[in-house]
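Listed below are the residues making up each chain.
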Amino acid sequence: MSENTESAMHRSIPPGFIIPDFGGRAAGHPGESPGAPHADGIPAYSGPRKMAFICSKGNLDMVYPALIMGNAALGEGIEVHLFFTFWGLDIVNTKTNDDLKFSFAGNTAMHMPDLGRLRPGLEHRSMPQALGAAPGMTKLATSMMKKQMADLDIPTVPEMLDIMQAAGAHLWACRMSFDMMKTIEADLHPAVEGVISATDFIEISQDAQIVFV
């Protein structure tokens, strides 16, 4: 970056704004010993990678992001933990996880690809929000989304949990949500290793990359 460019950037920064120092480069390469410095003197980290997903929502469209990313991480040899809290507890409740719903009410990004068959361009138009509150629309939207997932050979939620369990994922239920929703352990998916507190999960997720969904 030239001195003129850098000077112009600093002139455009509002008074009192502090630029965070993110360091000169990314973390170290695999195989480097812990603390071994790079040529530029920045310590490298070579410990095992770990990811922790906090799943707080039970809507069908909010369930798959964490499960798909978690499954992808497992495929890369990364240690994966998932913590199911509040409505996210429905994901591991066998009484609810095969009947999760999707609604486009409140989702202004909702559009229907099939509408493009009626008139090109309609597939990119957002659905009217008032339509989401109409009777039967949640059932229709859920059915449509499940069909789209099935067309892509994406497993159902219970199947995805089975796959992740077999791949070595660690699943945890939130104690407060568990008690609040009067859940019983017999209803939890077998992959759930325990019902733990938020403090317990903070300990488990130490040094992990945390993703909140």
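Up top is the structure.
Reading the values: the criteria
- The numbers attached to residues start from 1 for each chain and follow its sequence in the written order.
- Since the coordinates come from a predicted model, pLDDT governs what is reported: local features require at least 70, and pairs of side-chain atoms require 80 or more to be given and counted, while whole-chain, interface and lining totals use all residues.
- Note that the side-chain values use all heavy atoms of the structure and ignore hydrogens as well as water.
- For Phe, Tyr and Trp, where Trp contributes only its six-membered ring, two rings pair if their centres lie within 6.5 Å, and the inter-plane angle classes them as stacked under 30 degrees, edge-to-face over 60, or tilted in between.
- Numbering of helices and strands runs from the N terminus, with a helix taken as a DSSP run of H or I at least four residues long and a strand as a DSSP run of E at least two residues long.
- Exposure is judged per residue with a 1.4 Å probe applied to protein chains only, and the accessible area is read against the type maximum: over 50% gives exposed, under 20% gives buried, and values in between give partly exposed.
- Whenever a carboxyl oxygen of Asp or Glu lies within 4 Å of a side-chain nitrogen of Lys or Arg, that contact is scored as a salt bridge.
- Residue contacts are counted whenever heavy atoms from the two residues lie within 4.5 Å of one another.
- Grouping into patches uses exposed residues only, defined as over 30% relative accessible area, and leaves out salt-bridged ones; the cut-off is 9 Å for like charges and 5 Å for nonpolar side chains (Val, Leu, Ile, Met, Phe, Trp, Tyr).
- Each accessible area value is a Shrake-Rupley result obtained with a 1.4 Å probe; residue values ignore everything except the protein chains displayed when judging cover.
- For every element, the axis is a line fit to its C-alpha atoms; helices are fit only across the contacting stretch, and the angle between N-to-C directions ranges from 0 to 180 degrees.
- Angle categories: roughly parallel below 35 degrees, roughly antiparallel above 145, roughly perpendicular from 65 to 115, and oblique for all the rest.
- Should the near helix be turned counterclockwise from the far one by less than a right angle, the crossing is left-handed, whereas a clockwise turn marks it as right-handed.

## Re the packing of aromatic side chains
This model, assessed by the stated rule, comprises one aromatic pair. Geometrically, the ring pair formed by Phe83 and Phe201 is stacked, given 4.5 Å between the ring centres and 15 degrees between the ring planes. With Phe83 in strand β2 (residues 79–84) and Phe201 in helix α6 (residues 198–204), this pair connects stretches of sequence that are 118 residues apart. Given a relative accessible area of 5%, Phe83 falls into the buried group.

## As for the pattern of salt bridges
Summed over the entire model, instances satisfying the criterion amount to four salt bridges. In this structure, the salt-bridge partner of Asp179 is Arg175, at a minimum N-O distance of 3.2 Å. Residue Asp179 and its partner Arg175 are located together in helix α5 (residues 175–180), separated by four residues, close to a single helical turn. Residue Asp179 is classed as partly exposed on the basis of its relative accessible area, which comes to 41%. A relative accessible area of 32% places Arg175 in the partly exposed class.

## Some points on the side chain of Ser205
With respect to the element layout, Ser205 can be found in the loop between α6 and β5 (209–212). Judged by relative accessible area, Ser205 falls into the buried class, the value being 7%. Discounting chain neighbours no more than four positions away, the residues touching Ser205 are Lys50, Ala52 and Ile210.

## What to know about a nonpolar patch on the surface
Among the surface-exposed residues, Phe86, Trp87, Met176 and Met180 lie close enough to one another that they form a single nonpolar patch of about 440 Å² accessible area. As for its position among the elements, Trp87 is in the loop between β2 and α3 (137–151). Taking the relative accessible area as the measure of exposure, Trp87 reaches 54% and is therefore exposed.

## Looking at the packing of helix α2 (residues 60–75) against helix α4 (residues 157–167)
One can describe the packing of α2 onto α4 by two numbers: an axis separation of 10 Å at closest approach and a directional angle of 20 degrees. Looking at the two axes, α2 sits roughly parallel to α4. In the crossing of α2 with α4, the sense of the turn from one axis to the other is left-handed. Seen from α2, the contacting residues are Leu60, Val63, Tyr64, Leu67, Ile68, Gly70, Asn71 and Leu74; seen from α4, they are Val157, Met160, Leu161, Ile163, Met164 and Ala167.

## A word on the environment of Ser126
Mapped onto the elements of the fold, Ser126 is located in the loop between β2 and α3. The spacing of Ser126 and Met112 is 14 residues in sequence and 8.0 Å in space, taken between C-alpha atoms. In this structure, Ser126 is in contact with Thr108, Ala109, Met110 and His111, ignoring residues within four places of it in sequence.

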